[in-house]
Amino acid sequence: MKRWIDDVGTWASSLRFSGFTVVVVLLVLAGAVIVSPSLSTFVQQRREIAELRESVQQRQEAVNEIDAERAKWKDPVYVRSQARDRLFYVMPGETQLNVIDDVVLPLESDEEPDAELSRIPSNWARNLSSSFLSAGTTDAPPKETTQ
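About the cut-offs
- Residues numbered from 1 in each chain as written.
- Predicted model: local features only at pLDDT ≥ 70, side-chain atom pairs only at ≥ 80, totals over all residues.
- Heavy atoms only, no water.
- Helix = DSSP H or I, 4+ residues; strand = E, 2+ residues; numbered from the N terminus.
- Buried < 20%, exposed > 50% of the residue type's maximum accessible area, 1.4 Å probe, protein only.
- Areas by Shrake-Rupley, 256 points an atom, 1.4 Å probe, with all protein chains shown as cover.
- Phe/Tyr/Trp six-rings, centres within 6.5 Å; stacked < 30°, edge-to-face > 60°.
- Salt bridge = Lys/Arg side-chain N within 4 Å of Asp/Glu carboxyl O.
- Contact = heavy atoms within 4.5 Å.
- Axes fitted to C-alpha atoms, helices over the stretch in contact; angles between N-to-C directions.
- Parallel < 35°, antiparallel > 145°, perpendicular 65-115°, else oblique.
- Nonpolar A, V, L, I, M, F, W, Y, C, P; charged D, E, K, R; others polar.
- Expected span 1.5 Å × (residues − 1).
- Bend = angle between axes of the 7 residues up to and from the residue.
- Patch = residues over 30% accessible without salt bridge, like charges linked within 9 Å, V, L, I, M, F, W, Y side chains within 5 Å.

**Q** Hey, could you run me through the overall build of the protein in this one?
**A** Looking only at helices and strands, one finds five helices and zero strands in the protein. In the protein, the order of α-helices and β-strands from amino to carboxyl end is α-α-α-α-α. Within the protein, the proportion of its 147 residues that are buried is 2%. Element-wise, carbon and sulfur atoms account for 60% of the exposed surface of the protein, whose accessible area totals about 14,600 Å².

Next comes the structure, spelled out in structure tokens:
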């Protein structure tokens, strides 16, 4: 290590600077100091331009998607299919069937339904009207009412 420091010291002492060399080094340093703010501004502006181009490209893609959607809505077949799917419209003379509950039942069963279980023992309309009348004519608070 000592030898390396001695070699560097010997090399540094052998350098001879003239006035011209000092002026050139000072001019190069001054040029670097003068150019560095402009260079950083240039790099920043190039980055902003790249971001703006990307933004323009994204907006153009969005506009193209909207134009494609608008072109779809100009097609009467597409409008008709959307009316059927979204609003459940049908053409005159057609019958539409809607599946309300998508429960999968077993295909085959050995059990027979009991006749008594499938028969309703009371009149639902009479129960509804009596419940409506008792709820409308009671003086008890709602929590104290019983069915």
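**Q** Before we go on, may I ask you to explain the packing of aromatic side chains in this structure?
**A** Each aromatic ring pair is specified by the distance between its two centres and by the angle formed by the two planes. All chains considered together, the criterion is met by one aromatic pair. Taking the centre distance of 5.2 Å and the plane angle of 80 degrees together, the rings of W73 and Y78 count as edge-to-face. A relative accessible area of 35% places W73 in the partly exposed class. Note on Y78: relative accessible area 18%, which makes it buried.

**Q** Can you help me understand unusual backbone geometry in this one?
**A** Working note: non-glycine residues mostly have negative phi, and peptide bonds are mostly trans. Here the phi dihedral of F88 falls at roughly 60 degrees; this positive angle occurs in a residue that is not glycine. Considering the arrangement of structural elements, one finds F88 in the loop between α3 (76-87) and α4 (115-118).

**Q** Would you explain the pattern of salt bridges in this entry?
**A** A side chain of one charge can pair with a side chain of the opposite charge if their charged atoms are brought near each other. For the coordinates displayed, the defined rule picks out two salt bridges. Linking D67 and R70 is a salt bridge whose minimum nitrogen-to-oxygen distance equals 3.3 Å. Here D67 and its partner R70 are both found in helix α2 (residues 19-74), three residues apart, which amounts to about one turn of the helix. Owing to a relative accessible area of 34%, D67 belongs among the partly exposed residues under this scheme.

**Q** Any chance you could explain the side chain of Q82 here in plain terms?
**A** With respect to the secondary-structure elements, Q82 resides in helix α3. Setting aside its immediate chain neighbours within four residues, Q82 contacts W73 and L87.

**Q** Hey, could you run me through the packing of α2 against α3 in this one?
**A** Two quantities define a packed helix pair, namely the angle between the axes and the distance from one axis to the other. Running from N to C, α2 and α3 cross one another at 90 degrees; their axes reach a closest spacing of 5 Å. Here α2 is positioned roughly perpendicular relative to α3, judged by the angle of their axes. Contact residues: E69, K72, W73 and K74 in α2; P76, Y78, V79, Q82 and R86 in α3. The residue inventory of the contact of α2 with α3, partitioned by class, reads four nonpolar, one polar and four charged.

**Q** Please clarify how α2 should be interpreted in this entry.
**A** Side chains three or four residues apart in an α-helix point the same way, a direct result of the helix having 3.6 residues per turn. For α2, spanning 56 residues, the distance from its first C-alpha to its last is 81 Å, which sits close to the expected 82 Å at 1.5 Å a residue. Bending of α2 peaks at approximately 35 degrees at the position of V35, with proline P37 no more than four residues after it.

**Q** Quick question: what am I supposed to make of a nonpolar patch on the surface here?
**A** On the surface, W11, L15, F17, V22, V25, L26 and L29 cluster together into a nonpolar patch covering about 730 Å² of accessible area. Along the chain, the position of L15 falls in the loop between α1 (2-14) and α2. A residue is classified by how much of its surface remains accessible, and L15, at 35% relative accessible area, is partly exposed.

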